[in-house]
Amino acid sequence: MPVVMDADRISRTITRIAHEIVERGRPLDEYALVGVRSRGVPIARRIAAAVHQIAGVQLPVGSLDITLYRDDLMRYPVGPQPVVRRTDIPFSIDDRRLLLVDDVLYTGRTVRAALDALIDFGRPRSIHLVVLVDRGHRELPIRADYVGKNLPTSERESVQVRLQEIDGIDEVVVEGGEA
Amino acid sequence: MSTTTAVTTLRSRHLLSIADLSAEEIVLLLDTADAMKEIAARPIKKVPTLRGRTIVNLFYEPSTRTRTSFEIAEKRLSADTLSISVATSSVVKGETLVDTALNLEAMQPDMIVMRHASSGAHHLLTRVCKSHVINAGDGMHEHPTQALLDAYTIREKTGRIGGLKVAIVGDLLHSRVLRSDVLLLGKLGAEVWACAPPTLIPPGLDALGVRVTTSVEEAVRDADVVMMLRIQLERMQGNFFPSLREYFNVFGMTRERVRLAKPGAIIMHPGPMNRGVEIASDVADGPASVILEQVTNGVAVRMAVLYLLAGGEDERA
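What you are looking at is a predicted structure, and each value in this text was computed from that prediction instead of being measured. (Residues numbered from 1 in each chain as written. Chains lettered and ligands numbered in written order. Predicted model: local features only at pLDDT ≥ 70, side-chain atom pairs only at ≥ 80, totals over all residues. Heavy atoms only, no water.)

A closer look at the overall build of chain A
So, step 1. Check the secondary structure of chain A and you find four helices and eight strands.
So, step 2. Its helices and strands taken in sequence order, chain A reads β-α-β-α-β-β-α-β-β-β-α-β from the N to the C terminus.
So, step 3. Taken over the C-alpha trace, chain A has a radius of gyration of 16 Å; the compact-globule value for 179 residues is 16 Å, and the two agree within 12%.
So, step 4. Along the three orthogonal principal directions, the C-alpha set of chain A runs to about 50 × 35 × 30 Å.
So, step 5. Residues classed as buried in chain A amount to 49% of the 179 residues present.
So, step 6. Approximately 8,500 Å² of chain A is accessible, and the part contributed by carbon and sulfur atoms is 47%.
So, step 7. Across chain A, 25 positive and 27 negative side-chain charges occur, with their mean positions spaced 2 Å apart. (Helix = DSSP H or I, 4+ residues; strand = E, 2+ residues; numbered from the N terminus. Rg over C-alpha atoms; globule rule 2.2 N^0.38 Å. Buried < 20%, exposed > 50% of the residue type's maximum accessible area, 1.4 Å probe, protein only. Areas by Shrake-Rupley, 256 points an atom, 1.4 Å probe, with all protein chains shown as cover. Lys, Arg positive; Asp, Glu negative; His and termini not counted. Charge placed at Lys NZ, Arg CZ, Asp CG, Glu CD.)

Encoded structure:
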């Protein structure tokens, strides 16, 4: 179970992404972060804190649950519904430059659902995608604008991002795929 | 992965009664309703979740609140819906429930929401239909979504349900809401008091774990929640009390009686209200009243029910 990013690496990566946002983002106060539940939310908060430290600007942070927009809902013959959690975007996204934040970019289906969900909240000026890990294997025409780490994987493997806020530890591990 | 052991699904594919639900399933429904409630605050109050699903609302008894609430919940989840009021349907030509159900079933709806005067009608429907069946009130038996929205409102306002004293005052005899509320609040650990004139107390109520009293003061004293039930004049064929005026004088919820409850206690009523009979107008419209919030929450709770039941669609196939 190789650890591909440890706590230190994750922290430096988030700081680097924050620097990129500050460099490219002007004017910075038009920006806001929206994290995809569940692990995109703490990552978005950490990026906001890093941006604040670098530029002195506090970007608003929202959290988005995409469950009700999934394209695989109720497509399985048997099985429970995924648990829906609360979406909380405490600011208007109209004319904002949004940074959509998730932990892993894989097929792109979560991002597709997130884009549909965001459009129901208003009309942002732009949406850029921020991910901690891009593991490839896209099934939709979606790409990330800010990538923490490109991680070549096989489809048999799974990438687990664990964060202090949720899992009590900061690490990214690749599991499975030995077969 | 999360280490929570809470349930994430309902065992039944129908919602017929609170009696069928476990405490964990009730909490799942309330938590899901919490997520659904936010949708109403969006500029576009709609999610695509039940696209392509057809839901029939079949109402054999009059209803404004419940039917409208279900319809809005269905539309917010993008289901296709149609509502049948029996007054304008073939039932007035003598069609039986089973025939009506079989004919509806032939048009392949995914869910049927039904209100019916008979307690067994929904079980009958589940035997002849493949659709998910939701009980929107069956005679004097149960009204599960009302109890869920009551519990949601109590939890939202007080932060908990376990350990609260809940006083329910009014027509206990004819109330399906009472039965569902008592079962639900009991499962979540509330202390439920029920109060009515002796003629309106159903036999065996204390066997459900309810403290039964004819003293409204005793019921309301130190309560966290005071819930009134409507005096159901349409179901009363006989003299249950001398007059509406006398009922109000002895059992009506007045400001003076509300003062016996805990400071900050909330006032609830499932509607429709008889002002000046079971509740004084200044109490119904007062700062402690959450009666209209119950209505708002009803939509979120029904969205949660529809969403959770819609899973595991083709297990019947």
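A word on the interface of chain A and chain B
So, step 1. With 21 residues of chain A at the interface, the matching set in chain B holds 27 residues.
So, step 2. Interface area, chain A with chain B, both sides summed: about 2,100 Å², of which 58% is carbon and sulfur.
So, step 3. Among the residues of chain A in contact with chain B, Leu-68, Met-74 and Gln-81 of chain A are the three that bury the most area, contributing 30% of the side total.
So, step 4. At the junction of chain A and chain B, the tally comes to one salt bridge.
So, step 5. One salt bridge in this structure joins Arg-86 of chain A and Asp-34 of chain B, with 3.3 Å as the shortest N-O distance.
So, step 6. On the surface where chain A and chain B come into contact, there are six residue pairs in polar contact (both at pLDDT 80 or more).
So, step 7. Per-class residue counts for the side of chain A that touches chain B are 12 nonpolar, four polar and five charged. (Contact = heavy atoms within 4.5 Å. Buried area = accessible area lost by both parts, 1.4 Å probe. Salt bridge = Lys/Arg side-chain N within 4 Å of Asp/Glu carboxyl O. Polar contact = N/O pair within 3.5 Å; in protein donor to acceptor, adjacent residues only side chain to side chain. Nonpolar A, V, L, I, M, F, W, Y, C, P; charged D, E, K, R; others polar.)

A look at the environment of Pro-60 of chain A
Residues and elements named next belong to chain A.
So, step 1. Structurally, Pro-60 is set in the loop between helix H2 (40-55) and strand E3 (61-64).
So, step 2. Its relative accessible area of 24% is what places Pro-60 among the partly exposed residues.
So, step 3. Put simply, Pro-60 and Ala-48 are 12 residues apart on the chain and 7.6 Å apart in space, counted from C-alpha to C-alpha.
So, step 4. Filtering out sequence-adjacent residues up to four positions away, Pro-60 remains in contact with Tyr-31, Ala-32, Leu-33, Phe-91 and Arg-96.

Concerning the pairing of strand E5 (residues 126-134) of chain A
Residue and element names in this part refer to chain A.
So, step 1. When you tally the buried positions in E5, you get seven out of nine residues, the bulk of the element.
So, step 2. Pairing geometry for strand E4 (residues 97-105) and E5, over eight bridges, is parallel. Note that in E5 the partner of Asp-102 across the bridge is Val-131.
So, step 3. The parallel pair E4 and E5, bridged by helix H3 (residues 109-119), forms a crossover whose chirality is right-handed.
So, step 4. The pairing of E5 with strand E6 (residues 146-150) spans four bridges and is classified as parallel. Paired with Asp-134 across the bridge in E6 is Asn-150. (Pairing = 2+ DSSP bridges. Right-handed = clockwise from strand over helix to strand, strands pointing away.)

Examining the confidence of the model for chain B
All names here are of chain B.
So, step 1. Chain-level statistics for chain B give a pLDDT mean of 92 and a share of 96% at 70 or above.
So, step 2. Considering only residues more than four positions removed or in separate chains, one finds that residues 313-317, a stretch of pLDDT under 50, has 10 contacts.
So, step 3. On the interface metric, ipTM, the complex scores 0.88, and its pTM is 0.92. (pLDDT = per-residue confidence, 0-100.)

Regarding the pattern of salt bridges
Residue and element names in this part refer to chain A.
So, step 1. Under the counting rule described, the total for this entry stands at 28 salt bridges over all chains.
So, step 2. The closest approach of N and O atoms between Glu-20 and Arg-16, which form a salt bridge, is 3.2 Å. Of this pair, Glu-20 and Arg-16 both sit in helix H1 (residues 7-24), four residues apart, which is roughly one turn of that helix.
So, step 3. For Glu-171, the salt bridge identified is with Arg-162, shortest N-O distance 2.8 Å. Taken individually, Glu-171 and Arg-162 each receive the classification buried, so the pair is uniform in this respect.
So, step 4. The structure contains a network of salt bridges with shared partners spanning Arg-16, Glu-20 and Arg-24.

Details of the sheet that holds strand E4 (residues 132-138) of chain B
Residue and element names in this part refer to chain B.
So, step 1. Here four strands make up an open sheet; going across it, the order is E2-E1-E3-E4 and the pairing parallel. Taken across any chain shown, the strands that pair with only one partner, and hence form the sheet edges, are strand E2 (80-85) and E4. Adjacent strand axes in the sheet meet at a mean angle of 15°, parallel and antiparallel pairs treated alike.
So, step 2. Each of strand E1 (54-59), E2 and strand E3 (111-116) is contacted by helix H3 (residues 97-105), which is oriented at about 160° to E1, the strand it contacts most. (Axes fitted to C-alpha atoms, helices over the stretch in contact; angles between N-to-C directions.)

Focus on the nonpolar core
So, step 1. Within the largest apolar cluster, 120 residues are counted, with the highest numbers of intra-cluster contacts made by Leu-64 and Leu-100 of chain A together with Met-36, Leu-148 and Met-253 of chain B.
So, step 2. Ranked by residue count, the leading element in this core is helix H11 (residues 291-309) of chain B, at 11 residues.
So, step 3. Apart from residues no more than four positions distant in its own chain, Met-36 of chain B is found in contact with Leu-68 and Val-84 of chain A together with Leu-77, Ala-300, Met-303, Ala-304 and Tyr-307 of chain B.
So, step 4. Grouped together as the second largest cluster of nonpolar side chains are 29 residues, Val-104, Val-130, Tyr-146 and Leu-151 of chain A included. (Core = buried A, V, L, I, M, F, W, Y, C linked by side-chain atoms within 4.5 Å.)

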